[in-house]
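Structural overview
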Amino acid sequence: MRVPLSWLREYVDLPATETGRDVQEKLISVGLEVETVEQLGTDLKGPLVVGQVLTIEELEGFKKPIRFCTVDVGAANGTGEPQEIVCGARNFSVGDKVVVVLPGAVLPGGFAISARKTYGKTSHGMICSADELGMGDDGTHGIIVLPPEYEVGTDAIELLELVDEVLDIAVTPDRGYCLSLRGVARETAIAYGLPLRDPALLDVPAPNAYGYPVQVSDPFGCDRFTARTVSGLDPEARSPIWLQRRLQKAGMRPISLAVDVTNYVMLELGQPLHAYDRARVQGAVGVRRAEAGEQLTTLDGVTRTLDAQDLVITDERGPIGLAGVMGGAHTEIDDTEGTTTEVVIEAAHFDAISIARTARRHKLSSEASRRYERGVDPEAAAAAAQRTVDLLVLLAGGTADAGVTEVIAPSAPRTITIPADHPDRVAGVEYGRETVVRRLQEIGCDVYGQDELVVTVPSWRGDLTDPNDLAEEVIRLEGYENLPSTLPKPPAGRGLTERQRLHRRVGRALAGAGYVEAPNYPFIGEQVLDRLGLAADDPKRAVVKLVNPLSDEEPALRTTLLPGLLAALRRNDGRGSHDLALFETGLVFHPRAEAKAAVRLPVDRRPTAEEIASLTEALPVQPRHAAVVLAGAREQAGWWGTGRPAGWADAVEAARVIARETGTELIVRKGQYGPWHPGRCAELAVTADGTERVVGYAGELHPRVVQALGLPARTCAMELDLDVLEEASAGPVKGPRISAFPVATQDVALVVDRFVPAADVEAALREGAGELLESIRLFDVYENAEQLGDGRKSLAYALRFRASDRTLTVDEASAARDAAVALAGERTGAALRS
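Now for a description of the structure that goes with this document. (Residues numbered from 1 in each chain as written. Predicted model: local features only at pLDDT ≥ 70, side-chain atom pairs only at ≥ 80, totals over all residues. Heavy atoms only, no water.)

Focus on the pattern of salt bridges
What the rule picks out here adds up to 59 salt bridges. With a closest N to O distance of 4.0 Å, aspartate 277 and arginine 280 form a salt bridge. You can call arginine 280 partly exposed: its relative accessible area is 23%. One salt bridge connects glutamate 373 with arginine 374, and the closest N-O pair in it is separated by 3.3 Å. (Salt bridge = Lys/Arg side-chain N within 4 Å of Asp/Glu carboxyl O. Buried < 20%, exposed > 50% of the residue type's maximum accessible area, 1.4 Å probe, protein only.)

Listed below in C-alpha cells is the structure:
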C-alpha cells in the first residue's frame, strides 16, 4: 500500500515538521511494516510553469517529425515574450495548455535544462511529458495537456504536486484495513496521540424502494450489497489533476473519471467499488454462484470459463462481472466513445475465502481481490457508495438519484469477554485496566465492565476473534520495545524423544556415508504418482489435499519422499552436477479412515494429554520416512583407480546404514514395486513382535520412470519407514563390546541355483554358524556355465568368528563353518565349490 504523506495529512493533523521518515518510525513502532519512504521531487528545480502553445511550425527534412513551437509562459521567463521550443511530440495543438520547463531548471534524475541548438533551431526549454517529470504512468504517451482553466505562468510544481513523500507499506494478511488511507490514518493518529478525521463518517440516506433492483441469491457469499445511481453525467468530463496525481502516487493509472473515482474511494476507504454503464445493464443486478461452464469476458479482454464455486454479478443476460475480482467487458464504461451519462455504483461485501479462491483459480489478482481476501469493513459499503456519488456529482455535473438499494444479511457485532488483567499476564507487564480500556477504545472497540471486560469489536477488524488478539493490540500499542527481556524457565528432565534421536542419528550416518541432505517442500501434484508408475490401487495414491494450497499444481501432501528428492536430483544434474547422492528424512501423510474435527488448543496453559490425543486423531497419519537417490559416479576415477558408477547395491547399502542406527536386522530380498526396475529391486523388511513387516524398497529405478521424470540413466533410489524400524528395534542402540581376543576368518564359496536369493543363503549360514559368528559378508558372485554348470552361480562369503572369553582354535572355527555350510546346503541346496 503506497500512502502519499500529503494525502495522509488530510485525516491527521501531523506536525508540519514531521517528515516521511518520522512517520515511518512511528508506524513501525505500532506494528506496521513500512518498507521504504520514497522522496518525490527532491531533485526537481524550477522554473516549471504552465504555458500556452501559440504557434507550431513543422520542420521538414528529418528522420522523425519535429515541431518548432512558440509558447506563452507569461512573466516566468522574465521578458514576457513567447518561448521558442523544439518538440517531437504530436499530441498537442495550438491553444493547448502544457507544462514548460525553462532554462536553469533541473528535472528528476539530475537532468539540467539549458538553451541549446537542435534541428537547426535554438530550443529555450522543453514541453514536458509525465515520464520526464517522474509522475509515473498517466495512461497517455506524450506531452501533458492541461485543462484550459489554468492560467499561463502558474507554478506547475505546486499544481502537479510533484514534491511529496510516499510511504510504501507491506500490509500483512491480518491487517487488511490498512489497505486504505482510512486504516493507515487511524494507526497514525493512535501512534501520535492525535484525533482522526474519519472519511467514512458521512450522512448516508436510508434505503428505499426506488433504488436499482438487486437480487442476492447467495447471502453467505454476499452479505451486503449497496447500489446507487447517478445520471446526467458529462461524458466529456475528465479527472482533475489532484485526483490523477493521488492515484499515480498510490501506484494506480488514471483511466476515466468514473473509474478513477471508484479507485480513489477504494484507496481512501478500503471498500472496492464497481461502476456499470446503466445503458449496458439489462434488468436487475443479481449475485449468485456461477454455473459450471459459463463464460465471462472480463475487463482485461480474456474470456474465462467459470467454476461452480465462483461468485458472479449478473443481469438478465447472465454474468456481467466476477464478484470481488474484476468486472465484465460488456458493461464497462467505455471512455473512448464518451457516451456514458448514467452509471450504477456497486459497493458490496463478499466472503473473503470465496474471493481468494476465485482469484487464484483464474490467476487473476486485482486491487479489489487483494482487499476482499484480507477482509473489508462491511459497514463501509454505504459510505463508500455515498462518497462515490458525491464525487461524481461534483466532478461530472451528475445528479444523484433518490433511490437507494441496500441488501443486508442479518448479523450481530462480535463481542469478546476478556479479564481486564489478561494483557498484563500475557506480556508480564502491569498495564492496568485504564490503559487496556484506552488502547482498545483507540482501535475502535466499545468496552464495558470492570474486572471482566466485554469488548465489542469494530467492523473493520475482522482479525480480532480471541482475548489474545485483544492482548496483542494493547501490547503493540504500548510498544514491543517496552517488554522486559526474560528467559523462560524450562522444566527439568525434558529432552529429545527417542524418535528425534533416531532422526538425528540417521541424518549423521547418511551424511557420513557421503550423502548430502536435500530437504523439500511436502507438496506434490497427483500426476507425479502416475510418472512413478504406482498401481491404480496403491495406498500411496490416497492423498490428503490442502484446502488452500500454495500452488494449484501441487495441492496434495506427499505420501512418499521420492518426488521431491528426484526433482532435486534432476535440477542439480541439469546444472552440471552429475555425480549425486542425496537424502531426506521427513514426514509423509496418509488420510485417516474417519476424518474428525480438530479441537482448538488453549494458549494460556499446556494442553492436556487428552486434548493432544484428540488433535492427533484429527490429523493425517504422519509416519517419518528416510530416502536416498543416487546418479552418476559413486566412486570417482583417478590415479587411484577406475572408479565405479552408483548402482542398486549402493541404495541397498544405504538402507543397511539406517538399519544399523536402529539396531535392527534388515531382511533384504528380491522385490517388485512401482518405480523400481523389476529385476533390480530389493524389498526391505524387519521382524517386529514376531511378525515380518515390509519397511521399504531399494534399487534401480525403472527406465520408464527415469524417462518420465527426466532423470539421468540408471538412477537409483531407496525409501523406508523409520517409525516401523524404530518399533522393531530393541530399544536404544548399545555400544559394541570390544573383545581382546583375535578373530578367526573362514571363507566359503557355495554353488547354488542362480535364482536362489543370496539373502536366503546368508540367513542359513548365519543361523548354522551359531553364536561364535561375529559377522558375515558376501564378497564375490561368480557365474560360469563351463565350470559351474548351466543355471548355477557361486557365492563367496567371508565369515568372522570370535569368542568373548578365549582364543578360538582352528578346529572350533572350522566346526562352526562346517555347521553353517551344512545348514545352507539343507535349506538352499548349496554345495561347496571345489
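Some thoughts on unusual backbone geometry
Most peptide bonds take the trans configuration, and most residues that are not glycine carry a negative phi. At tyrosine 119, a residue that is not glycine, the phi angle is positive and equals roughly 55 degrees. With respect to the element layout, tyrosine 119 can be found in the loop between β9 (116-118) and β10 (121-123). The backbone of lysine 363 sits at a positive phi, close to 50 degrees, despite the residue not being glycine. Tracing the backbone through its elements, the reader meets lysine 363 in the loop between α7 (352-361) and α8 (367-372). A relative accessible area of 72% means that lysine 363 is categorised as exposed. (Helix = DSSP H or I, 4+ residues; strand = E, 2+ residues; numbered from the N terminus.)

Re a positive patch on the surface
Among the surface-exposed residues, Arg531, Arg570, Arg571 and Arg575 lie close enough to one another that they form a single positively charged patch. The residue arginine 570 is located in helix α15 (residues 562-574) in this model. For arginine 570, a relative accessible area of 35% corresponds to the partly exposed category. (Patch = residues over 30% accessible without salt bridge, like charges linked within 9 Å, V, L, I, M, F, W, Y side chains within 5 Å. Areas by Shrake-Rupley, 256 points an atom, 1.4 Å probe, with all protein chains shown as cover. Lys, Arg positive; Asp, Glu negative; His and termini not counted. Charge placed at Lys NZ, Arg CZ, Asp CG, Glu CD.)

Concerning the environment of glutamate 554
Inspection of the secondary structure puts glutamate 554 in the loop between α14 (527-531) and β30 (556-557). Take glutamate 554: its relative accessible area is 36%, and that puts it in the partly exposed class. Those residues in contact with glutamate 554, other than ones at most four positions away along the chain, are Phe523, Ile524, Gly525 and Pro549. (Contact = heavy atoms within 4.5 Å.)

Some details on the packing of helix α20 (residues 758-769) against helix α22 (residues 810-828)
Relative to each other, α20 and α22 sit at 140 degrees, their axes nearing to 7 Å. Here α20 is positioned oblique relative to α22, judged by the angle of their axes. The way α20 lies across α22 gives a crossing that is right-handed. On α22, the residues touching Asp760, Val761, Ala764, Leu765, Glu767, Gly768 and Ala769 of α20 are Ala816, Ala819, Ala820, Val821, Leu823, Ala824, Arg827 and Thr828. Residues belonging to the contact of α20 with α22 are distributed by class as follows: 10 nonpolar, two polar and three charged. (Axes fitted to C-alpha atoms, helices over the stretch in contact; angles between N-to-C directions. Parallel < 35°, antiparallel > 145°, perpendicular 65-115°, else oblique. Left-handed = near helix turned anticlockwise from the far one by under 90°. Nonpolar A, V, L, I, M, F, W, Y, C, P; charged D, E, K, R; others polar.)

Looking at the pairing of strand β6 (residues 97-101)
In terms of burial, β6 is a largely internal element, five of the five residues being buried. Residues Lys97, Val99 and Val101 line one face of β6 and the alternating positions Val98 and Val100 line the opposite face, and both faces are buried. When strand β3 (residues 48-59) meets β6, the two strands line up antiparallel, connected through five bridges. Note that in β6 the partner of valine 50 across the bridge is valine 99. The pairing of β6 with strand β12 (residues 145-146) spans two bridges and is antiparallel. Residue pairing in the sheet places lysine 97 in a bridge with leucine 146 of β12. With two bridges joining them, β6 and strand β11 (residues 126-127) adopt antiparallel strand pairing. When the bridges of β11 are listed, valine 101 appears paired with methionine 126. (Pairing = 2+ DSSP bridges.)

Concerning the packing of aromatic side chains
Scanning all chains against the criterion turns up nine aromatic pairs. Measuring from centroid to centroid gives 5.2 Å for phenylalanine 350 and tyrosine 372, while their planes differ by 65 degrees, and the two rings are edge-to-face. You can see phenylalanine 350 sitting in strand β23 (residues 343-350) and its partner tyrosine 372 sitting in helix α8, a full 22 residues away along the chain. On the accessibility criterion, phenylalanine 350 (2% relative accessible area) is buried. With a centroid separation of 4.7 Å and 15 degrees between ring planes, the pair formed by tyrosine 673 and tyrosine 697 is classed as stacked. Here the residue tyrosine 673 occupies a position in the loop between β35 (667-670) and β36 (676-688), and tyrosine 697 occupies one in strand β37 (residues 691-701), the gap between them amounting to 24 residues. This pair shows no difference in class: tyrosine 673 is buried, exactly as tyrosine 697 is. Its guanidinium or amino end placed over the ring of tyrosine 515, arginine 634 lies 4.8 Å from that ring's centre, counting from NZ or CZ. (Phe/Tyr/Trp six-rings, centres within 6.5 Å; stacked < 30°, edge-to-face > 60°. Lys NZ or Arg CZ within 6 Å of the ring centre and 35° of its normal.)

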